[in-house]
Amino acid sequence: MRRTLALLLIFVFLVSSVSLTTSQGTSTRQASAAAVPAPEEVLGFVPGDDRKLASWNQIVEYFERLDQSSDRVMFETLGRTSMNKPFVMATISSPANLAKLDEYKQIQAQLADPRKLGAPNVRDRKAADLIARGKTIVLITCGIHSTEVGSYLSSTLIAHRLASSNEPEIQNILDNTIILLVPSLNPDGVDIVKAWYDKTLGTPFEGTDPPELYHKYTGHDNNRDWYAFTQVETQLTVDKIHNLWRPQIVHDIHQQGAFGSRLFLPPYMAPVEPNVPRQIVEGYTQLGEWMVGELRAKGFEGITNNSTYDAWTPARAYSHYHAGVRILSETASAKIASPMTLKFEELRSREGYDPQKEGPNFGPVWRGGEWKLRDITKYMTNVAFLLLKHSAEYRVQWLRRFYGIGRDAVRPRRPGELQGFTIDTSSTCTDTLTPILQRGGVEISILPDGKKFIRMDQPYGAFAKALLEVQKYPNLRDAEGHPIPPYDVTAHTLPLLMNVEVKPVKAPLKSAHPKSDAAKPGPPASKTPCRGDSQPVIPALYRASMPTYDEGWTRWMFENLSYTYRSLTEAELRKGITTFQLGPGVTAKFYVILFPDQAPRQLLDGYRAGAMPPELTGGLGEEGVKQLRAFIVQGGTAVFLNRASEFAIDQLKLPVRNVVGGLPRTDFYVPGTILRLQLDTTHPIAKGMPQETIAWAENSPVFEVVENATGDVPAANVKIIGRYPENKDPLLSGWLLGGDKLKGKAALVEVTMGKGRVILFGFRPQYRAQSTATYPLLFNSLATNP
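Sequence order as written defines the numbering, with residues in each chain counted from 1. Local features in a predicted model are, by the rule used here, given only for residues with pLDDT of at least 70; side-chain atom pairs are given and counted only at 80 or more, and totals for whole chains, interfaces and linings are based on all residues. Heavy atoms throughout the structure, all of them, feed into the side-chain values; hydrogens and water do not.

Caption draft 1: Looking closely at the overall build of the protein. Numbering of helices and strands starts at the N terminus; helices are DSSP runs of H or I of at least 4 residues and strands are runs of E of at least 2. Secondary structure assignment for the protein yields 22 helices and 32 strands. With respect to the three principal axes, the spread of C-alpha positions in the protein is 120 × 70 × 60 Å. It only takes one pair of heavy atoms within 4.5 Å for two residues to be counted as in contact. Taking contacts inside the protein between residues at least 6 apart in sequence as the whole, the part at least 24 apart equals 79%. If you sum the accessible surface of the protein, you get close to 31200 Å²; carbon and sulfur atoms cover 51% of it. All accessibility values rest on the Shrake-Rupley procedure with a 1.4 Å probe; residue burial counts only the protein chains present in the view.

Now the structure itself:
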């Protein structure tokens, strides 16, 4: 009896001790949660409040406070942006997981490259052990497009809940995932947009986009840089996040136009780029459809999937070629941070659905009404936590899928399969291709003859293949026979864009031990040949009040190649100002003006009156055209790129016409395509070029000389420098409809006008800083000797 009583007392003591310990542990966690600051304590408002935006310094300060107050958050600066702001990331997980980050990185590295696990017959067994120990790595990226303000604000709401909540669902997420949260992929744009929004708040221009690119160089195109890696923000994200962590899931939070669906989630509409692994398609389809079902069950309206956005170009989906699904979310926008009211009948169809009708990939119908920033952050945060819930609950499945992609990638290739590619960079003006492949994790070997060899049996062979082979974009039509436009462009064949000789290898190479090249990306071998050996004049780069991405890309190219230029605004040209300050007390004259790709109406008219402050409206206008004509006639050179050439033809009354102007897309369509171009190499502009090169055509004009034109410039003053071939298919890569209309027509012409000249490019010779093959044409056109 005494023994029984003693045992009972010991049991009660132990239970009390455990209960006390548990109670103390819970209260400690809750006390810690209470100490975590809410966003409004730092920002001064609740993210999602109408007409309230945070500065980048405030966002950084908030995450620093989270790092100081929560043992679930590690915050770090990864580098500096284009405008020298901190580029940051928060790593969020359980304290136990954060203590072993290096171990989890190693698990990821081994699952991504099963060769590290030993012989093929032991890999699956070793992988199973790693999968049992590993965590789902989720990268959440916000704010790459800075007018889409909901995402960078939502990052604080997501982080706060993860850092402070003791809900079982959050605890499960923290235990089973490691979350890499980037509050903005474009910190510079946060402040650019906020400054303009605050300046115009309470004026008729409240809620308008700023009259400058919200990324210093690329504007919206900063999300088209995920294989060329030109921008420092892209490089930081790839080098210090993707390639170190190899996330299974990348949640890229965006906003879309206001007048369509309230939310898009995957799966993506056709086409899917053929090198995207089947497991990636299965992953984003499974996760996207599950989230859509959960959101509809919660009462969210206006949701679409399998519409609008495709998965074709690697320019927007680095993770798809690195074993991670990209979950793009697109929430409807307001007027930056200002509410707007939409009538039901104002909602407009996007590709694949009608927002006024429930259908297989849209619903339930949103009936219209007020749409606010709070609605945007509500949709965004709910999507994010559903994604995290799935990644935690299905951790094992996500890691198995990840390993399966790596196992398929490194398997030995069978006879007759593509073994790899040989690369000869000897003909290119500068080798930018090799550093791109290296940055993407591609293994490169050096053959005895000095050529490079890329094997397909390596983790990221599919990434290399996507960039090296020719694209054959499918001829997609709607029910009425109209071409279904791609979401971006249709070609990304870097050897064509960069004048590099690449050959597929179908048989195993006889060279037994090729020398391995360095894996770390390096700078291009040389920067000067693509722009020529000297710079006789300093050109003016025309900068309209209505910003254009091509102007930003041109600035970046000039600066990257150490090419001196000056900007010339539309206001200055309207006043006839064609000089600039070369130094203290020294004034120099412009001899060349370069007009980047821009729609003719935007160049001529700019912002309409009343849409923006008066000093920004009106475009170049009649007075500007008059001053431009005088500049040329008196001996100046004006160079026009792509659509800007149509402006020159019309306003300068040139004896040239665009033979595809006004044609419906069913007759002619060139939506971002690489074409074949033949050059007159006796002309100075084609100096040093091969007789056949490429032209990047995107909604591009096609030229024909007009005899007996009504203007004062005779047809004899036109010299054709480049034309599309008469007897060859002009299509090299991508999608082209109506190719016969190009044959024998001009794509690059020079028109003498008075003492000066006009040079018309019917393509973009410096396309997104990728088409180095045609850089010499552009720089030769700028090399006017005064």
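Caption draft 2: Focus on the packing of helix α5 (residues 101-112) against helix α13 (residues 395-410). To get an axis, a line is fitted to the C-alpha atoms, and for a helix only the part in contact is used. The angle between two axes follows their N-to-C directions and goes from 0 to 180 degrees. Viewed as axis vectors pointing N to C, α5 and α13 meet at an angle of 45°, and their least axial separation amounts to 7 Å. Relative to α13, the element α5 is oriented oblique. Residues Gln108, Leu111 and Ala112 of α5 form the contact with α13, whose own contacting residues are Leu399, Phe402, Tyr403 and Gly406. Residue composition of the contact of α5 with α13, by class: five nonpolar, two polar and no charged. Orientation labels follow simple angle bins: below 35 degrees gives roughly parallel, above 145 gives roughly antiparallel, 65 to 115 gives roughly perpendicular, and whatever is left gives oblique. Gly falls in the polar group here, along with every residue not listed as nonpolar (Ala, Val, Leu, Ile, Met, Phe, Trp, Tyr, Cys, Pro) or charged (Asp, Glu, Lys, Arg).

Caption draft 3: Examining the nonpolar core more closely. Only buried Ala, Val, Leu, Ile, Met, Phe, Trp, Tyr and Cys residues count toward a nonpolar core, and they belong to the same one when joined by side-chain atoms within 4.5 Å. Three exposure classes are used, based on accessible area relative to the maximum for each residue type with a 1.4 Å probe and protein chains only: buried under 20%, partly exposed in between, and exposed over 50%. Counting 148 residues, the largest nonpolar core has Leu162 and Leu437 as the members making the most contacts within it. For this core, the leading source of residues is helix α12 (residues 373-393), giving 11 residues. Not counting residues up to four positions away in its chain, the partners in contact with Leu437 are Ile423, Val442, Ile444, Ile454, Ala464, Leu467 and Leu468. By size, the runner-up hydrophobic cluster in this structure holds 43 residues, among which are Met557, Val670, Val702 and Leu782.

Caption draft 4: Geometry of the packing of aromatic side chains. Here a Phe, Tyr or Trp ring, Trp counted by its six-membered ring, pairs with any other such ring whose centre lies within 6.5 Å, and the pair is stacked when the planes are under 30 degrees apart, edge-to-face when over 60, and tilted otherwise. Going through the model one piece at a time under the given rule, you end up with 28 aromatic pairs. Seen from their ring centres, Tyr268 and Tyr284 are 4.8 Å apart, and the 80° between their planes marks the pair as edge-to-face. Taken as a pair, Tyr268 in the loop between β6 (263-265) and β7 (269-272) and Tyr284 in helix α11 (residues 278-297) lie far apart in primary sequence, 16 residues in all. What makes Tyr268 buried here is its relative accessible area of 5%. Ring geometry for Phe558 against Tyr565: centres 5.3 Å apart, planes inclined by 40°, an arrangement best described as tilted.

Caption draft 5: Main features of empty space enclosed by the protein. A 1.4 Å probe that fits into a set of points on a 1 Å grid over the protein atoms alone but cannot get out defines a cavity; an open set with protein on both sides within 12 Å along at least five of seven lines defines a pocket, and lining residues are those with an atom within 4 Å of a point. Grid points are joined across faces, edges and corners, and a volume is the space filled by probe spheres set on the points. Using the criterion set out here, one finds four cavities of 30 Å³ or more in the structure. Empty space within the largest cavity amounts to approximately 120 Å³. What lines the largest cavity is a set of 13 residues, among which Trp226, His242, Val250, Asp252 and Arg326 lie closest to the centre. Going through the elements one at a time, α10 (232-245) and β5 (249-256) are the ones with two or more residues in the lining of the largest cavity. Lining the second largest cavity are Tyr268, Val276, Asp310, Ala311, Trp312, Thr313, Arg316, Ala317, His320, Tyr321 and Arg326. Its residues placed into classes, the lining of the second largest cavity shows six nonpolar, two polar and three charged.

Caption draft 6: Seen up close, the sheet that holds β5. If you walk across this open sheet you meet the nine strands as β1-β2-β4-β3-β5-β10-β6-β8-β12, and the pairing is mixed. A strand with exactly one partner marks an edge of an open sheet, and here the two such strands are β1 (73-80) and β12 (362-363). In this sheet, strand β4 (residues 177-182) lies alongside strand β3 (residues 136-142) in parallel orientation, the contact comprising six bridges. Its bridge partner lying in β4, Thr141 is registered against Val182. DSSP calls a pair of strands paired once it identifies at least 2 bridges connecting them.

Caption draft 7: The arrangement of the pairing of β5 in detail. With eight of its eight residues buried, β5 lies for the most part within the structure. Burial of β5 is two-sided: the residues Ile249, His251, Ile253 and Gln255 facing one way and the residues Val250, Asp252, His254 and Gln256 facing the other way are all buried. Judged from the five bridges that link them, β3 and β5 form a sheet pairing that is parallel. Residue pairing in the sheet places Val138 in a bridge with Ile249 of β5. Pairing analysis gives eight bridges linking β5 to strand β10 (residues 325-332), with the strands arranged parallel. Looking at the pairing, Asp252 lines up with Leu328 of β10.

Caption draft 8: Looking closely at α12. By definition here, a helix of n residues has an expected span of 1.5 Å times n minus one. Helix length check: α12, at 21 residues, gives a terminal C-alpha distance of 30 Å against a target of 30 Å (1.5 Å per residue), a fit within 8%. For α12, the tally of buried residues reaches 15 of 21 residues, placing the bulk of the element in the interior.

Caption draft 9: Representation of the confidence of the model for the protein. The predictor attaches a confidence to each residue, called pLDDT, with possible values from 0 through 100. This prediction gives the protein a mean pLDDT of 93; 93% of its residues lie at or above 70. Per-residue pLDDT, averaged within each element of the protein, yields its smallest value for helix α1 (residues 2-35) (42) and its largest for β4 (99). Below a pLDDT of 50 lies the segment residues 522-528, which in the model reaches 13 contacts outside its immediate sequence neighbourhood of four places, other chains included.

Caption draft 10: Broad picture of the environment of Ser82. Here Ser82 shows up in the loop between β1 and β2 (86-92). Spatially, the C-alpha atoms of Ser82 and Gln108 are 30 Å apart, while their sequence positions differ by 26 residues. Apart from residues no more than four positions distant in its own chain, Ser82 is found in contact with Asp188, His215, Lys216, Tyr217, Gln231, Val232 and Glu233.

Caption draft 11: The arrangement of the environment of Asn223 in detail. Secondary-structure assignment places Asn223 in the loop between α9 (187-200) and α10. For Asn223, a relative accessible area of 3% puts it in the buried group. Residues Asn223 and Ala317, 94 residues apart in the sequence, show an inter-C-alpha distance of 9.1 Å. The contact partners of Asn223, leaving out residues within four places of it in the chain, are Ile144, His145, Asp252, His254, Ala315, Arg316 and Arg326. A polar side-chain atom of Asn223 sits 2.8 Å from a polar atom in the side chain of Trp226. For this analysis, a polar contact is any N or O atom pair within 3.5 Å, provided that within protein one partner can donate a hydrogen and the other can accept it, and provided that sequence-adjacent residues contribute only side-chain to side-chain pairs.

Caption draft 12: The layout of surface pockets, seen in detail. Within this model, the second largest pocket holds a volume of roughly 760 Å³. Every residue lining the second largest pocket is counted, 36 residues in all, and those nearest its centre are Lys687, Gly688, Met689, Pro776 and Asn780. For the lining of the second largest pocket, the per-class residue count stands at 18 nonpolar, 11 polar and seven charged.

Caption draft 13: Quick peek at the pairing of strand β23 (residues 592-595). Burial of the side chains of β23 extends over both faces: Val592 and Leu594 are buried on one face and Ile593 and Phe595 on the other. Note that strand β19 (residues 540-543) and β23 share two bridges and pair parallel. Bridging across to β23, Ala540 finds its partner in Ile593.

Caption draft 14: Layout of the environment of Asn658. Of note, Asn658 is situated in strand β25 (residues 656-658). With relative accessibility at 16%, the residue Asn658 sits in the buried group. A polar contact of 3.2 Å, which involves the side chain of Asn658, links it to the backbone nitrogen of Val660.

Caption draft 15: Local environment of the pattern of salt bridges. Salt bridges are defined by distance alone: a side-chain nitrogen of Lys or Arg within 4 Å of a carboxyl oxygen of Asp or Glu. For the structure shown, the criterion picks out 38 salt bridges. Of the charged contacts in the structure, one is a salt bridge between Arg411 and Glu417, with a shortest N-O distance of 2.8 Å. For Arg768, the salt bridge is made with Asp488, and the minimal N-O distance between the two is 3.0 Å. Within this pair, whereas Arg768 is found in the loop between β32 (756-761) and α22 (775-782), its partner Asp488 is found in the loop between α15 (461-468) and α16 (494-498), the two being separated by 280 residues in sequence. No difference in accessibility class separates Arg768 from Asp488, as the two residues are buried.

Caption draft 16: Up close: helix α17 (residues 549-560). Taking 1.5 Å as the rise per residue, α17 with 12 residues should run 16 Å; its terminal C-alpha atoms sit 16 Å apart, in good agreement. Among the 12 residues that make up α17, nine are buried, leaving the element largely enclosed by the rest of the structure. All of the buried residues along α17 are Asp550, Glu551, Gly552, Trp553, Thr554, Arg555, Trp556, Met557 and Phe558. Where α17 is buried, its residues meet β19, β23, β24 (637-641) and α22. Ser562 occupies a position one or two residues after α17 and carries a positive phi of about 55°.

Caption draft 17: How the structure looks around the side chain of His492. Within the secondary structure layout, His492 lies in the loop between α15 and α16. Among the residues examined, His492 registers a relative accessible area of 1% and is labelled buried. For His492, the side chain forms a polar contact with the main-chain oxygen of Ala466, separated by 3.4 Å. If sequence neighbours within four positions are ignored, His492 has contacts with Tyr227, Glu273, Trp312, Thr313, Pro314, Ala466, Leu467 and Gln471.

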